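Secondary and tertiary structure notes
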Amino acid sequence: MQLSQLKVGHKAIIKGLRAGDKAYRQRLLAMGLLPGTEFTLSRMAPLGDPVEITVRGYALSLRKHEAGILIIEEVSQ
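Predicted, not measured: the structure shown is a model, and the values here were computed from it. (Residues numbered from 1 in each chain as written. Predicted model: local features only at pLDDT ≥ 70, side-chain atom pairs only at ≥ 80, totals over all residues. Heavy atoms only, no water.)

It is worth spelling out the sheet that holds strand E2 (residues 38-44) at this point. In space, the five strands of this open sheet follow the order E4-E3-E2-E1-E5, with antiparallel pairing throughout. Strands at the two margins of the open sheet, each flanked by one partner only, are strand E4 (58-62) and strand E5 (70-74). Mean inter-strand twist for the sheet, computed between neighbouring axes without regard to direction, equals 40 degrees. Judged from the five bridges that link them, strand E1 (residues 11-17) and E5 form a sheet pairing that is antiparallel. Residue pairing for E5: Ile14 is matched across the bridge by Ile72. (Pairing = 2+ DSSP bridges. Helix = DSSP H or I, 4+ residues; strand = E, 2+ residues; numbered from the N terminus. Axes fitted to C-alpha atoms, helices over the stretch in contact; angles between N-to-C directions.)

The next thing to look at is unusual backbone geometry. Here the phi dihedral of Arg56 falls at roughly 55 degrees; this positive angle occurs in a residue that is not glycine. As for its placement among the helices and strands, Arg56 is situated in the loop between strand E3 (51-55) and E4.

Moving on: the environment of Gly48. Along the chain, the position of Gly48 falls in the loop between E2 and E3. Gly48 sits in the buried class, given a relative accessible area of 12%. Sequence-wise, Gly48 and Lys64 are 16 residues apart; in three dimensions their C-alpha atoms are separated by 7.0 Å. (Buried < 20%, exposed > 50% of the residue type's maximum accessible area, 1.4 Å probe, protein only.)

As a further point, take the confidence of the model for the protein chain. Confidence in the prediction for the protein chain averages 87 pLDDT; 99% of positions are at 70 or higher. For the protein chain, per-element mean pLDDT is lowest for helix H2 (residues 64-67), which scores 82, and highest for E2, which scores 92. (pLDDT = per-residue confidence, 0-100.)

Among the nonpolar cores identified, the biggest contains 19 residues, and Leu3, Leu28, Leu33, Phe39, Ile53, Leu62 and Leu70 are the most heavily contacted of them. Of all the elements in the fold, those that place two or more residues in this core are E1, helix H1 (22-30), E2, E3, E4 and E5. When residues no more than four places from it in sequence are discounted, the contact partners of Leu3 are Phe39, Met44, Val51, Ile53, Ala67 and Ile72. (Core = buried A, V, L, I, M, F, W, Y, C linked by side-chain atoms within 4.5 Å. Contact = heavy atoms within 4.5 Å.)

Within the structure shown, the criterion is met by four salt bridges. Here Lys15 makes a salt bridge to Glu73, at a shortest N to O gap of 3.9 Å. Of this pair, Lys15 sits in strand E1 while Glu73 sits in strand E5, placing them 58 residues apart in sequence. Given a relative accessible area of 45%, Glu73 falls into the partly exposed group. Residue Arg63 is joined to Asp49 by a salt bridge in which the shortest nitrogen-to-oxygen separation is 3.7 Å. Placement of the pair is Arg63 in the loop between E4 and H2 and Asp49 in the loop between E2 and E3, with a sequence separation of 14 residues. Among the residues examined, Asp49 registers a relative accessible area of 32% and is labelled partly exposed. (Salt bridge = Lys/Arg side-chain N within 4 Å of Asp/Glu carboxyl O.)

Written out as structure tokens, the structure is:
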């Protein structure tokens, strides 16, 4: 599942990262987006770009193409 398919207010767990720019992948990992981390989709802009997630107690905004690197699984509520 991709972040763009998640609805606002729903929770998900990061299962992994897709292949992409190595430097950007390392930056996501440094921001705490590690496999197994749970987050909530807080807000989404009208056109879907950017999105804001709440992870590890802070809000993080990601562009649509940046968020596409994340492989996620929705947590049942």
